[in-house]
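# Structure at a glance
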Amino acid sequence: FDQVKVEAFKPALLAAMEQRLREVDAIANRKDAPTFDKIAGDLRKFMAGSVLVAQNAEFDVAFLNAEFGRAGMAKLAMPALDTILLARKVKPGLPTYNLDNLAYHFKVKFKERHRSIGDCEVTGVIFWQCVEALRPKTMDDLFKKGMIKQ
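In this text the structure is predicted, and so the values were computed from the model without any measurement.

### Focus on the overall build of the chain
Counting secondary structure elements, the chain contains seven helices and two strands. The helix and strand sequence of the chain, counted from the amino end, reads α-α-β-α-β-α-α-α-α. Going through the 150 residues of the chain one by one, you find that 34% of them count as buried. When the accessible surface of the chain is summed, it comes to about 9400 Å², and 58% of that surface belongs to carbon and sulfur atoms.

Here it is, written out as structure tokens:
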């Protein structure tokens, strides 16, 4: 990884992620929000070619796969990086690796806790701090440190 490129890319990625989450949050809070099966195809297209980054990624992947299955679609076939696995490499020996504890140890403040935007923003910041600390040379190097088994 070229650290300069990572630093240049990070603000744009976080801004794009925040904007997309605000759109999703606005839809989810509507009483007439579409059911998952109605948006599954669009979500699949949006996720295509991406790497999923999540706190406790196994849970999220299992949840998404269950929903895609109910919508008659195949399981996800994309790499998923888990901030828990990455944080264990960066900050070994913490008593727990839940999001609240990681936020405390990585000195990240929540704007909104237990809301998609707030939790994702904190997860994104923790992810980038892990990437900076681990300094992977390639994506494969990063995958070896934090990709979940699917």
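### Considerations on the nonpolar core
Grouped together as the largest cluster of nonpolar side chains are 20 residues, with contacts concentrated most on L102, F106, I126 and F127. At the level of secondary structure, the elements contributing two or more residues to this core comprise α4 (83-90), α5 (99-105), α6 (116-134) and α7 (139-146). Element by element, the count of residues in this core is highest for α6, at seven residues. The contacts of I126, once residues within four sequence positions are left out, are T83, L99, L102, A103, F106 and V108. In terms of nonpolar packing, the next biggest core, distinct from the first, is built from 13 residues, A40, A54, A80 and I148 among them.

### With respect to the packing of aromatic side chains
To describe a pair of aromatic rings, you give the distance between the ring centres and the angle between the ring planes. Within the structure shown, the criterion is met by three aromatic pairs. With centroids separated by 6.5 Å and ring planes inclined at 20°, the aromatic side chains of F59 and F63 adopt a geometry described as stacked. On the criterion of helical spacing, the pair formed by F59 and F63 is a turn pair, its members being four residues apart in helix α3 (residues 57-70). Classification of F63 by relative accessible area gives partly exposed; the value is 48%. Between F127 and W128 the ring centres are 5.4 Å apart and the planes differ by 65°, which places this aromatic pair in the edge-to-face class. As far as the burial class goes, F127 and W128 line up, both buried. It is R44 that lies over the ring of F68; its NZ or CZ is 4.4 Å from the centre. For the cation-ring pair, K91 lies above F106, with the distance from its terminal atom to the ring centre recorded as 5.1 Å.

How each quantity is defined
- Residues numbered from 1 in each chain as written.
- Predicted model: local features only at pLDDT ≥ 70, side-chain atom pairs only at ≥ 80, totals over all residues.
- Heavy atoms only, no water.
- Helix = DSSP H or I, 4+ residues; strand = E, 2+ residues; numbered from the N terminus.
- Buried < 20%, exposed > 50% of the residue type's maximum accessible area, 1.4 Å probe, protein only.
- Areas by Shrake-Rupley, 256 points an atom, 1.4 Å probe, with all protein chains shown as cover.
- Core = buried A, V, L, I, M, F, W, Y, C linked by side-chain atoms within 4.5 Å.
- Contact = heavy atoms within 4.5 Å.
- Phe/Tyr/Trp six-rings, centres within 6.5 Å; stacked < 30°, edge-to-face > 60°.
- Lys NZ or Arg CZ within 6 Å of the ring centre and 35° of its normal.

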